[in-house]
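# Summary of structural features
Chain by chain, the residues run as shown.
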Amino acid sequence: MDGQILEDHSEITSTLEGIVGSMGIITSTEDLQPYLIDQKKAYEGQAIAVVRPSSTEEVSKVVKLCAENQIPIVPQGGNTGLCGGATPDSSGRTIVLNLSRMNKIRDIDPLNYTITVDAGVILAEIQNAAEESDRLFPLSLGAEGSCQIGGNLSTNAGGTGVLRYGTTRELVLGLEFVLPDGRIWDGMKALRKDNTGYDLKHLFMGAEGTLGIVTGAVLKLFPKPKDVQTAFVAIRDSEAAIDLLARARQMSDDRLTAFEWMARQGLEFVFKNISDTREPLLENYREYILIELTSGHADSGLRETLETILGDAIEDGLVLDAVLAESRGQAQDFWRLRETIPEGQMIEGATIKHDISVPVSSVPKFLKNAEAAINQLLPGVRICAFGHLGDGNIHYNLTTPEAVGPKTFFDKVEDINRTIHDEAIALGGSISAEHGIGMSKRLELMHYKSANALDIMRGIKQALDPKSIMNPGKVL
Ligand SMILES: Cc1cc2nc3c(=O)[nH]c(=O)nc-3n(C[C@H](O)[C@H](O)[C@H](O)COP(=O)(O)OP(=O)(O)OC[C@H]3O[C@@H](n4cnc5c(N)ncnc54)[C@H](O)[C@@H]3O)c2cc1C
């Protein structure tokens, strides 16, 4: 098969089928459809085939064949990404390389606190496997039932546990990767210390499929929480929220796991549009925090700690009201309010979304400046902001004003994006905290990244992927 040059699509697909078997290739127009459109239905493309290898060796052979024939490859995990990164373009020359058949948990070592997995394992399955071994894999996000760890690694996903455990890249000890010419880089070390030259795994994580294919990973595990305390809190304002966050970290000995902030507008959409949801507090407030503390000890005194944190904060006027969950079910109800905000917002009408971050202490200033700027640009816009305040990451989402139709709203999308991103950048922030760049933020990346940073990124891309076959049109 070395150096094989293929003449047409049917020769390409039959040669690919020879590598991955008939179960590993999809070519019919109807069956291809779900793989060619992104999660938000903002992008749709064409492809010669969806190829689903079942081993690293098969991935390597597929990539080598594509490199020899200059066939672009779009890597795809669970296709839950929010930036169009896993969708092919409209040329029809591409293959989508979907990792869903690489779904084995290779090993779990509770004493080394590690789990070794194929890239196509669904995130929730890794969480479950860890739990069965009395351990925790702390990456957690709304799409965990369908996103894959390879996608999480390639977007360096965030989610709700970052405050305590870090982003995905901080949860990785080893990585296996297929380079754009088909070579396999085996970096599957389960080591906590290894200073032997450049740390290549960090280059490949967050690359959104532009440098090759993640095929496996060694992930860190943590003690399983035995005591979980959750509260839904009405907060005076975002300054008070930052103060509460700092106090909660100090007073809980940094056992704070989640600190999620919500403006009232998002909850209004939830109560109106999502079934079986209700107000957790007696009165309405402008801003809320969902706070969670966890400990590996069943009897850790965490509830008393949380009561003290909130009691002091009420006395000092930071917290206006609060309810502590009495059961796991009630805690889940609180989480559901937070997690269904995007769904509730979508039902309400046209939305424009942002995923910015600023230093945690600058969040109040960002919120104030962004609100003033956006109200000037589009009076009456409904600001449905919420996010991982403990990470300085706000999803600054907007819903069209009630009197303004979607067309007028979307006509302003570039001005709106630039306005919000300018406010974040002015405070030393980022235009993409956790979702990545994909296709949707590519032009914004070009606008805000320094010339030197873009030069370095292009140099790395050229060195590893000189034929530019890996996920063209994404990120750079
Ligand atoms: C309801 C919902 C909630 C979400 N919440 C969060 C959140 O809290 N935090 C967050 O960070 N994100 C969140 N997301 C976004 C999304 O789930 C994450 O970006 C996730 O990491 C994508 O994983 P995936 O397997 O679906 O990847 P895909 O969407 O398939 O791909 C994403 C990118 O990674 C590349 N890629 C995928 N697999 C590989 C691989 N094996 N090798 C190389 N490249 C690959 C693709 O080419 C693409 O560029 C949410 C999405 C939804 C729908």
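Residues numbered from 1 in each chain as written. Predicted model: local features only at pLDDT ≥ 70, side-chain atom pairs only at ≥ 80, totals over all residues. Heavy atoms only, no water.

What follows deals with the overall build of the protein chain. Counting its secondary structure elements, the protein chain contains 17 helices and 19 strands. The C-alpha radius of gyration computed for the protein chain amounts to 23 Å, which stays within 12% of the reference 23 Å derived for 476 residues, consistent with globular compactness. Taken over the C-alpha atoms alone, the protein chain extends approximately 75 × 55 × 45 Å along its principal axes. The proportion of buried residues among the 476 residues of the protein chain is 53%. Residue pairs in contact within the protein chain that sit at least 24 positions apart in sequence constitute 73% of those at least 6 positions apart. Summed over all atoms, the accessible surface of the protein chain reaches about 20,800 Å², with 49% contributed by carbon and sulfur. Mean positive and mean negative side-chain charge positions of the protein chain (46 and 66 charges, respectively) differ by 3 Å. (Helix = DSSP H or I, 4+ residues; strand = E, 2+ residues; numbered from the N terminus. Rg over C-alpha atoms; globule rule 2.2 N^0.38 Å. Buried < 20%, exposed > 50% of the residue type's maximum accessible area, 1.4 Å probe, protein only. Contact = heavy atoms within 4.5 Å. Areas by Shrake-Rupley, 256 points an atom, 1.4 Å probe, with all protein chains shown as cover. Lys, Arg positive; Asp, Glu negative; His and termini not counted. Charge placed at Lys NZ, Arg CZ, Asp CG, Glu CD.)

Turning our eyes to something else, we now look at a nonpolar patch on the surface. Where nonpolar side chains cluster on the molecular surface, the patch consists of Y198, L200 and L203 and spans about 340 Å² of accessible area. Note that L200 resides in helix α7 (residues 200–204). L200 gets classed as partly exposed once you look at its relative accessible area, which sits at 33%. (Patch = residues over 30% accessible without salt bridge, like charges linked within 9 Å, V, L, I, M, F, W, Y side chains within 5 Å. Salt bridge = Lys/Arg side-chain N within 4 Å of Asp/Glu carboxyl O.)

Membership of the largest hydrophobic core comes to 54 residues, with the highest contact counts inside it found for V62, I73, I95, F137, L175, I213 and L219. Inspection of this core shows a minimum of three residues originating in each of domain 1 (9–98) and domain 2 (105–223). With residues near it in sequence (within four places) discarded, I73 still touches V63, C66, T94, I95, L97, I213, I469, M470, N471 and P472. Counting residues in hydrophobic clusters, the runner-up holds 47 residues, among them L244, I291, Y396 and L427. (Core = buried A, V, L, I, M, F, W, Y, C linked by side-chain atoms within 4.5 Å. Domains from an automatic or database assignment.)

Below, the discussion takes up the packing of aromatic side chains. For the coordinates displayed, the defined rule picks out eight aromatic pairs. An aromatic cluster is defined as three or more aromatic residues linked by ring pairs; in this entry it consists of F232, Y285, Y288 and F334. The ring of Y113 has R135 sitting right over it, with the charged end atom 4.0 Å from the ring centre. (Phe/Tyr/Trp six-rings, centres within 6.5 Å; stacked < 30°, edge-to-face > 60°. Lys NZ or Arg CZ within 6 Å of the ring centre and 35° of its normal.)

It is worth spelling out the site of the ligand at this point. Lining the immediate environment of the ligand, one finds 34 residues, of which P75, G77, G78, T80 and G81 sit closest. Within the backbone of G78, a nitrogen or oxygen atom sits 2.8 Å from an oxygen atom of the ligand. The side chain of S154 places a nitrogen or oxygen atom 3.0 Å from a nitrogen atom of the ligand. Calculation on the ligand without its partners gives an accessible area of 970 Å², and the protein chains cover 90% of this total. For the shell around the ligand, the secondary-structure elements that each account for two or more residues are β3 (73–76), α5 (149–155) and β10 (213–220). In terms of residue class, the shell around the ligand is made up of 10 nonpolar, 22 polar and two charged. (Near = heavy atom within 4 Å. Polar contact = N/O pair within 3.5 Å; in protein donor to acceptor, adjacent residues only side chain to side chain. Nonpolar A, V, L, I, M, F, W, Y, C, P; charged D, E, K, R; others polar.)

One open sheet accounts for four strands, arranged β1-β2-β4-β3; its pairing is mixed. Every other strand in the sheet has two partners, leaving β1 (25–26) and β3 as the edge strands with one partner each. Sheet topology note: the strand β2 (residues 49–51)/strand β4 (residues 95–98) ladder contains three bridges and is parallel. Note on β4: the bridge partner recorded for V51 is L97. (Pairing = 2+ DSSP bridges.)

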